[in-house]
Amino acid sequence: MNIKKIVDLSMPITAQTPIYPGDPKPHITSVATFAQNGYHVSRLVLGSHSGTHVDAPFHFRENGLRIDEVPLTYFLGKGIVIDVTKKNDGEAVTLDDVNAYLPRLEPGMIVLFHTGWSQYAGTKRYFRHPYIAIDVIEAMLERGIRTFFIDALNIDPPDGSSFPAHEAITAVNGVIGENFTNFDKIDFANPYIIALPLYLPEGDGSPVRAVAVELDSY
């Protein structure tokens, strides 16, 4: 098995990284330099949902799995890119938009909702993203999908008025990933997705370095 191509799906974490309103802003400072100390060390201050990240079920469920308890198999596997790039600001992705993809879904696959919204990161429009209607989530959960990634700030409505997708996915100890990028660069079939969280005991979520890998076979 050989790697033919790797696409980085991660958003850089800097002081300018867009964050969900109210979350801590990333703050990275130097605490040791080669000139003064003979080595480099930085201090990282950031929220557990900074940049490209995954949500543990515990994020929305008091009795949900913590990030260190979620099976690692939820964070890597065969992906399917669902093109919903025609959606406008604040518009729902509906069953009509995804019906053609449903027969291709298999238990354990990772769904990638490609809204194209990562191109607006750093602008006000990034906060007016499309979202995934609950009946879409329910249809995918019925087909054994437990991992849902999106190239937008939030899988739920941008006004923060409700979180039906978060609630439905975490109710079955599924995983949500947000602030992904470069879904448009996955120009090959059957991408293998890797988005492993940090080992944070009792954690509600974690930043990830996410990639899509083209393999010659798997």
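Residues numbered from 1 in each chain as written. Predicted model: local features only at pLDDT ≥ 70, side-chain atom pairs only at ≥ 80, totals over all residues. Heavy atoms only, no water.

Caption draft 1: Seen up close, helix H4 (residues 164-171). Three or more residues of H4 are buried, namely Ala165, His166, Ala168, Ile169 and Thr170. Of the residues one or two after H4, Asn173 is the one with positive phi, at around 60 degrees. (Buried < 20%, exposed > 50% of the residue type's maximum accessible area, 1.4 Å probe, protein only. Helix = DSSP H or I, 4+ residues; strand = E, 2+ residues; numbered from the N terminus.)

Caption draft 2: Spatial organisation of a nonpolar patch on the surface. Taken together, Ile13, Ile28, Leu44 and Leu46 make up a surface patch of nonpolar side chains, about 330 Å² in accessible area. Mapped onto the fold, Ile28 is located in strand S2 (residues 27-32). Residue classification places Ile28 among the partly exposed residues on the basis of a relative accessible area of 45%. (Patch = residues over 30% accessible without salt bridge, like charges linked within 9 Å, V, L, I, M, F, W, Y side chains within 5 Å. Areas by Shrake-Rupley, 256 points an atom, 1.4 Å probe, with all protein chains shown as cover. Salt bridge = Lys/Arg side-chain N within 4 Å of Asp/Glu carboxyl O.)

Caption draft 3: Broad picture of helix H3 (residues 134-142). Here H3 has its buried residues at Val136, Ile137, Ala139, Met140 and Leu141. Just downstream of H3 lies Gly144, where phi reads positive at about 90 degrees.

Caption draft 4: Structural detail: the nonpolar core. Formed by 33 residues in total, the largest nonpolar core has its most connected members in Val111, Phe113, Ile137, Met140, Phe148 and Ile155. Counting residues per element, the ones that place at least two in this core are strand S5 (76-83), strand S6 (92-93), strand S7 (110-114), H3, strand S9 (147-150) and H4. Looking at which element gives the most residues to this core, the answer is H3, with five residues. Not counting chain neighbours up to four residues away, the residues in contact with Ile155 comprise Phe113, Tyr131, Ile132, Ile137, Phe148, Ile150, Ala165, His166, Ile169, Ile176 and Glu178. One finds Ile67, Phe183, Ile186 and Ala210 within the second-largest nonpolar core, a separate group that totals 20 residues. (Core = buried A, V, L, I, M, F, W, Y, C linked by side-chain atoms within 4.5 Å. Contact = heavy atoms within 4.5 Å.)

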